[in-house]
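Here is how the chains run, residue by residue.
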Amino acid sequence: MAKSIHSMIRVLDEDRSVAFYDKAFGLKVADRLDFPDFTLVYLSNPESEFELELTINKGRTEPYDLGDGYGHFAVSVDDLEAEHKRFEAEGLAPRKLVEFAPAGEVVAKFFFVADPDGYQIEVLAREGRFK
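What this report covers is the structure whose coordinates are included nearby. (Residues numbered from 1 in each chain as written. Predicted model: local features only at pLDDT ≥ 70, side-chain atom pairs only at ≥ 80, totals over all residues. Heavy atoms only, no water.)

**What to know about the sheet that holds strand β2 (residues 28–34)**
Next, step 1: What the four strands build is an open sheet, ordered β1-β4-β3-β2; its pairing is mixed. Of all the strands in the sheet, the pair left with one neighbour each is β1 (6–10) and β2. Between one strand and the next, the sheet's axes are offset by a mean angle of 20°, whatever the strand orientation.
Next, step 2: Contacts from helix α1 (residues 14–25) reach β1, β2, β3 (38–45) and β4 (48–57) within the one sheet, and its direction differs from that of β3 by about 10°. (Pairing = 2+ DSSP bridges. Helix = DSSP H or I, 4+ residues; strand = E, 2+ residues; numbered from the N terminus. Axes fitted to C-alpha atoms, helices over the stretch in contact; angles between N-to-C directions. Contact = heavy atoms within 4.5 Å.)

**Structural notes on the layout of surface pockets**
Next, step 1: Each pocket or cavity is described by its volume, and for the largest pocket that value is around 570 Å³.
Next, step 2: Secondary structure elements with two or more residues in the lining of the largest pocket: α1, β3, β4 and β5 (73–77).
Next, step 3: If you tally residues by element for the lining of the largest pocket, the top one is β5, at five residues.
Next, step 4: The residue makeup of the lining of the largest pocket, split by class, is twelve nonpolar, four polar and seven charged. (1 Å grid on protein atoms, 1.4 Å probe; cavity = no way out; pocket = protein on both sides within 12 Å on 5 of 7 lines; lining within 4 Å. Points joined across faces, edges and corners; volume = space filled by probe spheres on them. Nonpolar A, V, L, I, M, F, W, Y, C, P; charged D, E, K, R; others polar.)

**So, α1**
Next, step 1: Over its twelve residues, α1 extends 16 Å from the first C-alpha to the last, a length consistent with the 16 Å expected when each residue adds 1.5 Å.
Next, step 2: Inspection of α1 places E14, S17, F20, Y21, A24 and F25 among the buried residues, and these make up the whole buried set. On an axial view of α1, the arc spanned by its buried residues comes to 135°, and they lie on one face.
Next, step 3: Here α1 starts with a cap whose side-chain oxygen sits 3.1 Å from the backbone nitrogen of D15, and that cap is D13.
Next, step 4: A positive phi of about 70° marks G26, the residue just after α1. (Expected span 1.5 Å × (residues − 1). Buried < 20%, exposed > 50% of the residue type's maximum accessible area, 1.4 Å probe, protein only. Arc of directions from axis to C-beta. Polar contact = N/O pair within 3.5 Å; in protein donor to acceptor, adjacent residues only side chain to side chain.)

**Here we look at the nonpolar core**
Among soluble globular proteins, nonpolar side chains are generally buried collectively.
Next, step 1: In this structure, F20, Y21, F25, L54 and F87 are the most contacted members of the largest nonpolar core, which totals 23 residues.
Next, step 2: Of all elements in the fold, only α1, β3, β4, β5, α2 (80–89), β7 (108–114) and β8 (120–125) reach the threshold of two or more residues within this core.
Next, step 3: At four residues, the largest contribution of residues to this core is made by α1. (Core = buried A, V, L, I, M, F, W, Y, C linked by side-chain atoms within 4.5 Å.)

**Some points on the pairing of β3**
Next, step 1: The buried count for β3 comes to seven of eight residues, which makes it a mostly enclosed element.
Next, step 2: By the bridge criterion, six bridges tie β2 to β3 in an arrangement that is antiparallel. Pairing of L33 across the sheet is with L40, part of β3.
Next, step 3: The loop that links β2 with its antiparallel partner β3 comprises three residues.
Next, step 4: The sheet contact formed by β3 and β4 spans seven bridges and is antiparallel. Paired with F38 across the bridge in β4 is N57.
Next, step 5: Adjacent in sequence and paired antiparallel, β3 and β4 are bridged by two residues.

What follows is the structure, given as structure tokens:
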């Protein structure tokens, strides 16, 4: 059976992105592979073996067009309200807290935040199917 190991996004500024993902989610650099034309930075934390791979294309100065194909990636947290307050205090500009209940029953509680390159991250309460 396949095992999910990482997801990759392209970012303009390595330091800015590494700082954001550390501040927001406690993701630390697990590995860094430097090549002549690009650098790969793998971020992880003790919560999961899954990694976020940042690709930094050297010489790129224009922001990436995220287009209409990118959706988001998601993380789960034990205390959603506390994390939302922490994000606000850190100046990370989280969007509003949402209780998603399309048929009257709460399916998920979450908020979104954008990283420095505009990628959307969903922060979900660790409950129900979102462990």
